[in-house]
Amino acid sequence: MKYSRERKRNMKRSFYWMISILAVVSMLLASCGGGGGAKTGKGPGGSIPFKSGGKTVTVAFSQEPDLVDALFSSMSYSAWVAQSVLVGLATWDAKNNFVPELAADIPTQQNGGVSADGLTITWHLKPNLKWSDGQPLTSADVKFTWQVETDKGNAVYTRAGYDQITSVDTPDATTAVLHFKSLYPGWQTLFTSGPNNQGNLQPQHMLQGKTGLEKDPFVHWPTISSGPFVIADWVAGDHMTLWPNPNYWKGKPKLDQIQIKFVPDPETAKAALKTGDVDFVPDFAESDLADLPKLEPKIHTRVDPGPEFEHYFFNMGVKGTGTGQSDFDGPCPFKDVNVRKAIILGIDRETIVKTLLFGKTTVPASLWPNSTWYNTALKPYPYDTTQANQLLDQAGYKADTAGGIRHGMCNGTDTKLSFSFETTTKQLRKDMAVAVQGMLAKIGVEFKPTFTPSGTFFGNYASGANMMTGKFDMAGYTTGFYPDPYTDQFLCSSVVSKQNQGGDNDYHLCDPKMDQLFAAANATLDPAKRKQAIDAIQQYQYDQALIIPMYARANVMAYQDRFILPPTSVIGGMLGDTFDWDVK
């Protein structure tokens, strides 16, 4: 599954504030036992209010979550908050082990949780679980989460895997039996929580009977919690406050409060870290490693390498209303593999890594870097302007004057090789796009960057975001396909459009061959056979020049010496264990 490091969505200010007001009202009702909930605390959502002198930590986010319920957002900042507020049956620890969260154990064939044919998965929940408002958390919430995911009226981020389940049985309050219509090796990513999968359980008693939940105030600001903390306050554009959940199954977390401060960019976060105004910054880039280590011993730096990557990609959309079709056509020249390959060859990615990232990472050949799934037989396309020019000549695109923009006939129309490129306002992305602009000009390709605030750039279809609606030429961001290597992001059935607003294929690429290759990756539970299938996917994407992997990513974070940050990993997440956060 996919979860990008910087994703999703835009809300107009007036709507944002309307949602916030509604959320406050709902939260006050919840804290007073509204809707049948028992009183479990005096704070919002049943939380434990912060008292003067309590232990608190301030975190800086350079992007504000579009919403918190991760089923409806592909933005990493949403997932990070959700890991503390809305959890799932299981998660991944700092050693990348799959461990129970709300579940009593992990299903296996040995304990009867996985059937011999792999089509039935049985989860057992811990007994006496409660939401923060005191309401029981049971197998009914597991079944309801599946219903939310499969309701076509809900614009969830992805239905991958959930759409393979034919039914969910709940013989008792602590047992949920999942019946799959076909083998789904990535079942561990369903109903489970992490920074890169969507499976946090939904409260049936709060949302039952509703649809179109992407617009529901609860999805934006969950007023109750199943995790260690509850959102007590959220001031748009400024901060979010988390207070302990008194009903969390582990008990009370070590901290009495977490403050999340929204800052405009990583540079501001770094300045606040140096002055001691914030304790933890989880979202630095590899380029920051040039100076972060110099802040020791007052400020510590941690780097967790992982399978994420920054990539550029082409809009491959074909306008239509059928499966796999988009609202808009992508640029005509991108239908030619030689044009795509020439653009890749025209970008000096190694120099970008050396100059902008200080050589702290590498250029991968595919989209599964730093993982056991990586196809080591592939080598990154080199920087080769001679070959790039030859390919563009062969494709029929030539410049009228030296240094001019190439043009040629495409579907009967004289077409310039002039493309817009959209990404976020992050400074590193700006610098990289400007460098690419100069490089592509040397092969007669006009590359026109635009920089959009992340909340708008990563917006969903309903918000009118360019990437989801298909109104772009090229775009770029960070993502990764883990903990399971399978993703539905390249499937025809996932192409985002008016008729499929809940899709996550923002490449707008529909290729039946790709569908077949991904189907093969899910046709077996044998890791060796799956590796062969994932290798074949990478080879095909490489040969077709469908994606431009810019560089491999790592989680780069820094924190004050007073802050006790437990071990972390990319799969477990930087905010995966806020229960054990502490201060000296």
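From a predicted model like this one, the values you see are computed outputs, not experimental measurements. The numbering scheme is per chain: residues are counted from 1 as the chain's sequence reads. In keeping with the model being predicted, local features are shown solely for residues with a pLDDT of at least 70 and side-chain atom pairs are shown and tallied solely at 80 or more, while totals for entire chains, interfaces and linings include all residues. Calculation of side-chain values draws on the structure's entire complement of heavy atoms; hydrogens and water are dropped beforehand.

Undergrad: Explain the sheet that holds strand β5 (residues 165–172) here, please?
TA: The strands that make up a sheet pair up through hydrogen bonds in the backbone, lying either parallel or antiparallel. Here three strands make up an open sheet; going across it, the order is β4-β6-β5 and the pairing antiparallel. The open sheet has two edge strands, β4 (120–124) and β5, and neither has a second partner. Taking the axes of each pair of neighbouring strands and ignoring which way they run, one obtains an average angle of 20° across the sheet. The rule for pairing is simple: two strands pair if DSSP sees at least two bridges between them. The helix and strand labels rest on DSSP assignments: H or I over at least four residues marks a helix, E over at least two residues marks a strand, and numbering proceeds from the N terminus. As paired strands, β4 and strand β6 (residues 175–180) are joined by five bridges and run antiparallel to one another. Residue Thr 122 lies in a different strand from β6, and its bridge partner there is Val 177. Strand contacts of helix α3 (residues 139–150): β5 and β6, with the helix running at about 165° to β5, the strand carrying the most contacts. Between N-to-C directions, angles span 0 to 180 degrees; the directions come from axes that are lines fitted to C-alpha atoms, helices contributing only their stretch in contact. The contact rule is simple, with two residues in contact once any of their heavy atoms fall within 4.5 Å.

Undergrad: Could you clarify how one ought to interpret the nonpolar core in this entry?
TA: Generally speaking, a soluble globular protein has its nonpolar side chains buried in company with each other. In plain words, nonpolar cores are sets of buried Ala, Val, Leu, Ile, Met, Phe, Trp, Tyr and Cys residues tied together by side-chain atoms within 4.5 Å. In this scheme, a residue with accessible area under 20% of its type's maximum is buried, one over 50% is exposed, and one in between is partly exposed, where area comes from a 1.4 Å probe on protein chains only. Ranked by internal contacts, the top residues of the largest apolar core, which has 142 residues, are Trp 123, Phe 191, Ile 343 and Trp 581. Sequence-distant contacts of Ile 343, that is, excluding residues within four places in its chain, are made with Phe 314, Phe 334, Phe 419, Leu 440, Met 474 and Ile 548. Counting 13 residues, the second-largest nonpolar core is a separate cluster that includes Val 278, Phe 284, Leu 289 and Ala 558.

Undergrad: Is there a simple way to explain the pattern of salt bridges in this structure?
TA: Two side chains that carry opposite charge are able to pair once their charged atoms sit near each other. For this analysis, a salt bridge means a side-chain nitrogen from Lys or Arg found within 4 Å of a carboxyl oxygen belonging to Asp or Glu. In this structure the tally under the stated criterion is 14 salt bridges. Across the salt bridge formed by Asp 580 and Lys 254, the nearest N and O atoms sit 3.8 Å from each other. Here Asp 580 is found in the loop between β18 (563–564) and β19 (582–583), whereas its partner Lys 254 is found in the loop between β8 (239–244) and β9 (257–262), with 326 residues between them in sequence. It is possible to trace a salt-bridge network through shared partners that takes in Lys 270, Asp 288 and Asp 291.

Undergrad: What's the story with the state of the cysteines in this structure? I'm lost.
TA: Covalent bonding between the sulfur atoms of two cysteines is what defines a disulfide. Put simply, a disulfide is two cysteine sulfurs that come within 2.5 Å. Scanning all chains against the criterion turns up two disulfides. Cys 332 shares a disulfide with Cys 410; S-S distance 1.9 Å. When the S-S torsion is -85°, as for the bridge of Cys 332 with Cys 410, the disulfide is left-handed. In this pair, Cys 332 is assigned in the loop between β11 (299–314) and α7 (337–345) and Cys 410 in strand β12 (residues 407–410), connecting sequence segments 78 residues apart. Looking at Cys 410, the relative accessible area reads 11%, which means it is buried.

Undergrad: Looking at this model, I keep getting lost on the packing of α7 against helix α9 (residues 385–394). Mind explaining?
TA: Axes are the key here: two packed helices are described by the angle between their axes and the distance separating the axes. Following both chains from N to C, one finds α7 and α9 inclined at 160°, their axes separated by 8 Å at the closest point. If you check the angle between α7 and α9, you find them roughly antiparallel. Handedness of the crossing formed by α7 with α9: left-handed. Between α7 and α9, the contacting residues are Asn 338, Val 339, Lys 341, Ala 342 and Leu 345 on the first element and Thr 385, Gln 387, Ala 388, Leu 391, Leu 392 and Gln 394 on the second. Here the term charged refers only to Asp, Glu, Lys and Arg, the term nonpolar to Ala, Val, Leu, Ile, Met, Phe, Trp, Tyr, Cys and Pro, and the term polar to all other amino acids, Gly among them. Class assignment for the residues of the contact of α7 with α9 results in six nonpolar, four polar and one charged. Any angle from 65 to 115 degrees is called roughly perpendicular, while one under 35 is roughly parallel, one over 145 is roughly antiparallel, and all others are oblique. Should the near helix be turned anticlockwise from the far one by less than a right angle, the crossing is termed left-handed; should it be turned clockwise, right-handed.

In short, the description is geometric, and any link to function would need to be established separately.
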